[in-house]
Amino acid sequence: MNRTGRRDAEPLSRAGRRAERLVDAADARLPVLEGGSLLRKAFPEHWSFFLGELALYSLLVLVLTGVWLTFFFQPEMREVVHAGSYPPLRGVRMSAAFDSTLRISFDVRGGLLMRQVHHWAALVFVAAIGLHMLRIFFTGAFRRPRELNWVIGLTLFVVSLAEGFAGYSLPDDLLSGTGLRIAQGIMASIPLVGTYAAFFVFGGEFPGHDIITRLYPVHILLLPGALIALVTVHLVLVFHLKHTQWRGPGRTNRNVVGKPLYPQFTATSTGLSLTVFGVLVLLSGLAQVNPVWKYGPYRPDLVSTGSQPDWYVGFLEGALRLVPPWESNVAGHTFMWNVLLPAVVLPGLLFAVLYAYPFVEQRLTGEWHHEQHLCDRPRERPVRTALGVAGTVFYGVLLLAGGNDIIAFTFRVSVNALTWVLRIALVVAPVLAFLVTRWLCRALTAAERERLVEGVPTGEIRQTVAGGYESDHGPVGTFRPGAPRRPLTGARTGTPFRTDREPERRDR
């Protein structure tokens, strides 16, 4: 028991008891620790709870490498003649931003490695946040009292997308310039104010003279500051609200069973951080990413062949390619629906639904009255799980559509035919994914119910008194995290079953 009367962890080992004595000594000197036992706070041990830490350590790598790169990058669009070490581009006119990027890559010792570590860390950072949010969604860890943390995490994801796009655009190469051209078109598609907004952001008609200079402080100051602030608030709330955990023996809504923060969890987390650093450096040394010298400097009259954005904004590219060329003229104003709908309305609706989902689900299920500290298994929530899978399939179709030209060229199919297939799939595939996932969740739940009641086959067959044969069954001995651990009443009647301390209200 801790000082609040709650059980926070398993019985401590000798090292844990020694750490507890050290903390008690610190409590006498540091008032901030009094009554909290911060260093004894328990953290669950399941691997899925480390996705957030993966994002945290990737962000740390991003900050360190980003600070190093600022010493050499020149965020200017003035025209210069390249005189660096890369022969194919020597003597070519380009912006100072692209020239400094080439110098970092070829003339600064370790510059190319640092650039690639920064880029790989950005990719891992966004991916880790996305996977962490999926874990939160599918296990129901967004419910009361964690709704605010869900909103903060989702905002963190949105800011990370903007930060990634801003950094991706800074080198001013042909590929990133194409992305900026698309961004300018998206801004211009906004009715009434779009043209003025694009003119202001770019400092004139595209490509303007100020976009790189303006993106640079946004990328190195404004958005990183927002990311660090959001991460800090997120971690404070995690500590304050305590961690969610899987159901199991000894786990209730009033405790957390796992490793204490110090020294066990600290050692595990330190090992994970070193692993992240090592893998990112290894990737950067072996796997080439964003070779800007192959694309060359940006020219408004050119587009690089097979230009593809980083994966996290690929869904926007796919949406732009799938919507037919719809336009309307109203009172002298042109509405570009083929840009406005996929690039402005669709993302807005998508994130609005994600922001509202925790509050809507809890209202519909009646769970907003009580705090929920135990994770759901996805199969126990067939509707929520089916919605999540349908949304993931929807995103996957858009991501494929973002590379429809590459796919058509690789597999030698018509790009027009592939576009129509993806348009149909965008509507049909999520519906099918929802139905199949909901059926599969219910089937898995029924199979587990039967397994608990009848036991597991032992492989032995015996003859009955009537002359027939039947197989022997033994008690269930292995359980997945959060799985029920006792025979359940109503198993053969089809009524909803409950694990220990599991709320009765479930979406069916």
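Residues numbered from 1 in each chain as written. Predicted model: local features only at pLDDT ≥ 70, side-chain atom pairs only at ≥ 80, totals over all residues. Heavy atoms only, no water.

*Asks:* What's the story with the overall build of the protein chain in this structure? I'm lost.
*Replies:* When helices and strands are counted, the protein chain shows 15 helices and 10 strands. The burial tally for the protein chain puts 44% of its 508 residues in the buried class. A fraction of 73% describes how many contacts in the protein chain between residues 6 or more apart in sequence connect residues 24 or more apart. As displayed, the protein chain has an accessible area near 26,800 Å², and 66% of this comes from carbon and sulfur atoms. (Helix = DSSP H or I, 4+ residues; strand = E, 2+ residues; numbered from the N terminus. Buried < 20%, exposed > 50% of the residue type's maximum accessible area, 1.4 Å probe, protein only. Contact = heavy atoms within 4.5 Å. Areas by Shrake-Rupley, 256 points an atom, 1.4 Å probe, with all protein chains shown as cover.)

*Asks:* How should I be thinking about the pattern of salt bridges in this particular structure?
*Replies:* Two side chains of opposite charge can pair, provided their charged atoms sit close to one another. In this structure the tally under the stated criterion is 19 salt bridges. A salt bridge links Arg247 to Asp376, with the nearest nitrogen and oxygen atoms 3.3 Å apart. Remark: Asp376 occurs in the loop between β8 (374–375) and α13 (382–401) and Arg247 occurs in the loop between β4 (245–246) and β5 (259–260); sequence separation between them is 129 residues. Here the two residues Arg247 and Asp376 agree in accessibility, since each one is buried. Arg381 is paired through a salt bridge with Asp376; the nearest N and O atoms lie 3.1 Å apart. With relative accessibility at 0%, the residue Arg381 sits in the buried group. (Salt bridge = Lys/Arg side-chain N within 4 Å of Asp/Glu carboxyl O.)

*Asks:* It is not clear to me how α13 should be interpreted in this structure. Could you clarify?
*Replies:* For the α-helix, the turn length of 3.6 residues means that residues three or four positions removed from each other point alike. Its 20 residues give α13 an end-to-end C-alpha distance of 28 Å, which sits within 8% of 28 Å, the value for a rise of 1.5 Å per residue. Within the sequence span of α13, burial applies to Pro382, Arg384, Thr385, Ala386, Gly388, Ala390, Val397, Leu398 and Ala401. Here the buried face of α13 lies against α4 (111–139), α11 (314–322), α12 (337–365), α14 (404–411) and α15 (415–454). (Expected span 1.5 Å × (residues − 1).)

*Asks:* What exactly am I supposed to notice about the UniProt feature "transmembrane region" (unreviewed entry) in the protein chain here?
*Replies:* When the UniProt feature table is mapped to this numbering, "transmembrane region" (unreviewed entry) covers residues 54–73, 119–138, 150–170, 182–204, 216–241, 335–357, 387–411 and 417–441. Helix and strand shares over residues 119–138 are 100% and 0% respectively, and the end C-alpha atoms of the span are 29 Å apart. Annotated as 100% helix and 0% strand, the span residues 216–241 places its first and last C-alpha atoms 37 Å apart. (UniProt positions renumbered as here; feature names shortened; annotations may be inferred.)

*Asks:* Can you walk me through the packing of α4 against helix α5 (residues 147–169) in this structure?
*Replies:* The packing of two helices is summarised by the inter-axis angle and the distance between the axes. For the pair α4 and α5, the least separation of the axes is 10 Å and the interaxial angle reads 160°. Judged by the inter-axis angle, α4 sits roughly antiparallel to α5. Remark: the crossing between α4 and α5 carries left-handed chirality. Only Trp150, Gly153, Leu154, Leu156, Phe157, Ser160, Leu161 and Tyr168 of α5 make contact with α4, whose side of the interface consists of His119, Phe125, Val126, Ile129, Gly130, Met133, Ile136 and Phe137. Class assignment for the residues of the contact of α4 with α5 results in 12 nonpolar, 4 polar and no charged. (Axes fitted to C-alpha atoms, helices over the stretch in contact; angles between N-to-C directions. Parallel < 35°, antiparallel > 145°, perpendicular 65-115°, else oblique. Left-handed = near helix turned anticlockwise from the far one by under 90°. Nonpolar A, V, L, I, M, F, W, Y, C, P; charged D, E, K, R; others polar.)

*Asks:* I keep staring at the environment of Gln362 and nothing clicks. Help me out?
*Replies:* Mapped onto the elements of the fold, Gln362 is located in helix α12. You can call Gln362 buried: its relative accessible area is 1%. Taking the C-alpha atoms as reference points, Gln362 and Phe142, 220 residues apart in sequence, are found 9.8 Å from one another. Among residues more than four places away in sequence, those in contact with Gln362 are Arg143, Arg144, Glu147, Glu367 and Trp368. Here Pro358 takes part through its backbone oxygen, which lies 3.1 Å from a polar atom of the side chain of Gln362. (Polar contact = N/O pair within 3.5 Å; in protein donor to acceptor, adjacent residues only side chain to side chain.)

*Asks:* How should the nonpolar core be read in this particular structure?
*Replies:* If you look at soluble globular proteins, the nonpolar side chains tend to sit buried side by side. If you look at the biggest cluster of nonpolar residues, it comprises 40 residues, and the most contacted ones within it are Phe125, Ile129 and Trp150. Looking at this core, the elements that each hand over two or more residues are α2 (51–70), α4, α5, α8 (211–241), α9 (261–286) and α12. Of all the elements, α4 adds the most residues to this core, at 13 residues. Ignoring any residue separated from it by four or fewer positions in sequence, one finds Trp150 in contact with Met133, Ile136, Phe137, Phe142, Leu354, Tyr355 and Pro358. (Core = buried A, V, L, I, M, F, W, Y, C linked by side-chain atoms within 4.5 Å.)

*Asks:* Even after reading the chapter, I still don't get empty space enclosed by the protein, so can you show me in this structure?
*Replies:* If a probe the size of a water molecule is rolled over the atoms, the empty space left behind becomes visible. A complete count under the given rule lists 2 cavities of 30 Å³ or more for this structure. By volume, the largest cavity amounts to about 40 Å³. Lining the largest cavity are Met77, Asp172, Gly177, Leu180, Phe206, Pro207, Ile211 and Tyr298. When the residues that make up the lining of the largest cavity are grouped by side-chain class, the tally is 6 nonpolar, 1 polar and 1 charged. (1 Å grid on protein atoms, 1.4 Å probe; cavity = no way out; pocket = protein on both sides within 12 Å on 5 of 7 lines; lining within 4 Å. Points joined across faces, edges and corners; volume = space filled by probe spheres on them.)

*Asks:* What exactly am I supposed to notice about the packing of aromatic side chains here?
*Replies:* According to the stated counting rule, one finds 18 aromatic pairs in the structure shown. With 4.7 Å between their ring centres and 45° between their planes, Trp68 and Phe72 make a pair best called tilted. Classification of Phe72 as partly exposed rests on a relative accessible area of 33%. Ring geometry for Phe202 versus Phe206: centroids 5.4 Å apart, planes at 65°, classification edge-to-face. When its relative accessible area of 1% is taken as the criterion, Phe202 is described as buried. Among the aromatic side chains, those forming a connected cluster through ring pairs are Phe137, Phe138, Phe142, Trp150 and Tyr357. Sitting over the face of the ring of Phe200, Arg214 holds its NZ or CZ atom 5.2 Å from the ring centroid. (Phe/Tyr/Trp six-rings, centres within 6.5 Å; stacked < 30°, edge-to-face > 60°. Lys NZ or Arg CZ within 6 Å of the ring centre and 35° of its normal.)

*Asks:* Help me out: how do you make sense of the environment of Tyr216 in this one?
*Replies:* The topology assignment puts Tyr216 in helix α8. Owing to a relative accessible area of 14%, Tyr216 belongs among the buried residues under this scheme. Look past the residues within four positions of Tyr216 in its chain and what remains in contact with it is Thr70, Phe73, Pro75 and Leu170.

*Asks:* Is there a simple way to explain the pairing of strand β6 (residues 327–330) in this structure?
*Replies:* When a strand is regular, its side chains alternate between the sheet's two faces. Bridging between β6 and strand β7 (residues 333–336) involves 4 bridges; their strand directions are antiparallel. If you follow Ser328 over to β7, its bridge partner there is Phe335. The antiparallel hairpin formed by β6 and β7 contains 2 residues in its connecting segment, where Ala331 sits at a positive phi of about 55°. (Pairing = 2+ DSSP bridges.)

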